[in-house]
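Okay, here's what each chain looks like letter by letter:
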Amino acid sequence: MRQIVLDTETTGLDPASGDRVIEVAAIEIFNFMPTGATFHELVDPERDIPEEATRVHGMTVEMLRGKPLFRDIAGRMLDFLGDSEIIAHNAPFDFGFLDAELVRAGHKRLDRARMVDSLAVAKRRYPGLPNSLDSLCRRLGVDNTMRTAHNALLDVKLLAEVYLELMGGKQPGLELAARAARPVAMGSIVVAPVARTPRPIVPSEDELAAHAAFVAKKLKDPLWVSLAEPQPLS
């Protein structure tokens, strides 16, 4: 199961009033395990950035001057998202901004059926408690000491850890099984997994006799022997 964890930074709170996206970050997870694949772009918003927004994420318009416009990154972003579920904290906010930018760039809006709101998940699990990303990091033991300001790439990495904990944590055994079933790319060659033939170990008659003698000598009335014997009909 492929999912994308996503975060944006913006010039404000309302795309309908002209606020724009200034940063998009996303990472891929497969079967609840980060794969290392990432998408990250800083974006020239083609407008000013209010001081109150700069206080949140630390970015100024001077820092973004000369960066690509959203329409220049939209295609690559959509390719990375594919048709996977998109996880975001307060996801309607991010989807609303991305939809506004995508429409402006001549693309379709994102399908809301793909949206997974980790904030809503956290509220269901911890009703009545603070469920900001920082609060969840502290509650779930995710190290966020390096987070001094909002930064989409850092936030999305923290959110991936938080989301995996919210979903019950990773089960490594399941991931190993899934990974074994996936083709492995070696350069330009894709190698299919090798089928494993079961090789049951069947004891010989001598080994069975030796085991029976050992049990008779060391154990008194072993339970499994009595269970294996036919029981008289009552």
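Residues numbered from 1 in each chain as written. Predicted model: local features only at pLDDT ≥ 70, side-chain atom pairs only at ≥ 80, totals over all residues. Heavy atoms only, no water.

The name an unreviewed UniProt entry gives the chain is DNA polymerase III subunit epsilon, with Falsiroseomonas frigidaquae as the organism. Check the Catalytic activity (unreviewed entry) section of the UniProt entry for the chain; it says "DNA(n) + a 2'-deoxyribonucleoside 5'-triphosphate = DNA(n+1) + diphosphate". According to UniProt, the comment filed for the chain under the heading Function (unreviewed entry) is "DNA polymerase III is a complex, multichain enzyme responsible for most of the replicative synthesis in bacteria. The epsilon subunit contain the editing function and is a proofreading 3'-5' exonuclease." (UniProt positions renumbered as here; feature names shortened; annotations may be inferred.)

Draft legend 1. View of the pairing of strand β3 (residues 34–42). As judged from the 6 bridges shared by strand β2 (residues 21–30) and β3, these two strands associate in the antiparallel manner. The residue of β3 that forms the bridge with valine 24 is glutamate 41. In sequence, β2 turns back onto β3 through a hairpin of 3 residues, with asparagine 31 there showing a positive phi of about 50 degrees. (Pairing = 2+ DSSP bridges. Helix = DSSP H or I, 4+ residues; strand = E, 2+ residues; numbered from the N terminus.)

Draft legend 2. Geometry of the layout of surface pockets. The calculated volume of the largest pocket comes to roughly 540 Å³. Taken together, 26 residues line the largest pocket, and the ones lying closest to its centre are Asp7, Thr8, Glu9, Phe93 and His150. With 5 residues, strand β1 (residues 2–10) is the single largest residue contributor to the lining of the largest pocket. Counted by class, the lining of the largest pocket contains 9 nonpolar, 10 polar and 7 charged residues. (1 Å grid on protein atoms, 1.4 Å probe; cavity = no way out; pocket = protein on both sides within 12 Å on 5 of 7 lines; lining within 4 Å. Points joined across faces, edges and corners; volume = space filled by probe spheres on them. Nonpolar A, V, L, I, M, F, W, Y, C, P; charged D, E, K, R; others polar.)

Draft legend 3. View of the nonpolar core. Counting 23 residues, the largest nonpolar core has Val5, Leu140, Val162 and Leu166 as its most contacted members. Contributions of two or more residues to this core are made by β2, α5 (118–125), α6 (133–140) and α7 (152–166). No other element matches α7, which puts 9 residues into this core. Those residues within four positions of valine 162 in sequence are excluded, and the remaining contacts are Leu133, Leu136, Cys137, Leu140 and Val142. If you look at the next biggest cluster of nonpolar residues, it comprises 21 residues, including Ala26, Phe70, Phe80 and Leu98. (Core = buried A, V, L, I, M, F, W, Y, C linked by side-chain atoms within 4.5 Å. Buried < 20%, exposed > 50% of the residue type's maximum accessible area, 1.4 Å probe, protein only. Contact = heavy atoms within 4.5 Å.)

Draft legend 4. Here's a closer look at the environment of isoleucine 87. Looking at where isoleucine 87 falls in the secondary structure, it is placed in strand β4 (residues 85–88). Measuring from C-alpha to C-alpha, the distance between isoleucine 87 and valine 116 comes to 4.6 Å, with 29 residues separating the pair along the chain. Excluding residues that lie within four positions of it along the chain, isoleucine 87 makes contacts with Gln3, Ile4, Val5, Leu6, Ile29, Val116, Ser118, Leu159 and Tyr163.

Draft legend 5. Representation of the sheet that holds strand β5 (residues 115–117) within the structure. Ordered by their spatial adjacency, 5 strands build an open sheet running β3-β2-β1-β4-β5, and the pairing between neighbours is mixed. Taken across any chain shown, the strands that pair with only one partner, and hence form the sheet edges, are β3 and β5. Direction aside, neighbouring strands of the sheet carry axes that sit 25 degrees apart on average. Together, β4 and β5 form the strand contacts of α5, whose direction differs from that of β5 by roughly 40 degrees. (Axes fitted to C-alpha atoms, helices over the stretch in contact; angles between N-to-C directions.)

Draft legend 6. Spatial organisation of the side chain of serine 135. Relative to the elements of secondary structure, serine 135 occurs in helix α6. The exposure class of serine 135 is buried, given its relative accessible area of 12%.

Draft legend 7. Highlighting α7. Here α7 spans 20 Å end to end across 15 residues, near enough to the 21 Å set by a 1.5 Å rise per residue. Glycine 168 sits one or two positions beyond α7 and adopts a positive phi of about 105 degrees. (Expected span 1.5 Å × (residues − 1).)

Draft legend 8. The packing of aromatic side chains, seen in detail. The full count for this structure, using the stated rule, is 2 aromatic pairs. Geometrically, the ring pair formed by phenylalanine 93 and phenylalanine 97 is tilted, given 5.0 Å between the ring centres and 50 degrees between the ring planes. Of this pair, phenylalanine 93 and phenylalanine 97 both sit in helix α4 (residues 91–104), separated by 4 residues, roughly a single helical turn. Between arginine 2 and the ring centre of phenylalanine 80, over which it is positioned, the NZ or CZ distance is 5.6 Å. Of note, arginine 139 hangs over the ring of tyrosine 126, and the distance from its end group to the ring centre comes to 4.6 Å. (Phe/Tyr/Trp six-rings, centres within 6.5 Å; stacked < 30°, edge-to-face > 60°. Lys NZ or Arg CZ within 6 Å of the ring centre and 35° of its normal.)

Draft legend 9. Highlighting the pattern of salt bridges. One pass over the structure, following the stated rule, counts 8 salt bridges. Across the pair arginine 47 and aspartate 19 runs a salt bridge whose closest N-O atoms are separated by 3.2 Å. Residue arginine 47 is located in the loop between β3 and α1 (51–57), and its partner aspartate 19 is located in the loop between β1 and β2; the two are separated by 28 residues in the primary sequence. We note a salt bridge from glutamate 101 to arginine 104, for which the minimum N-O separation is 3.1 Å. (Salt bridge = Lys/Arg side-chain N within 4 Å of Asp/Glu carboxyl O.)

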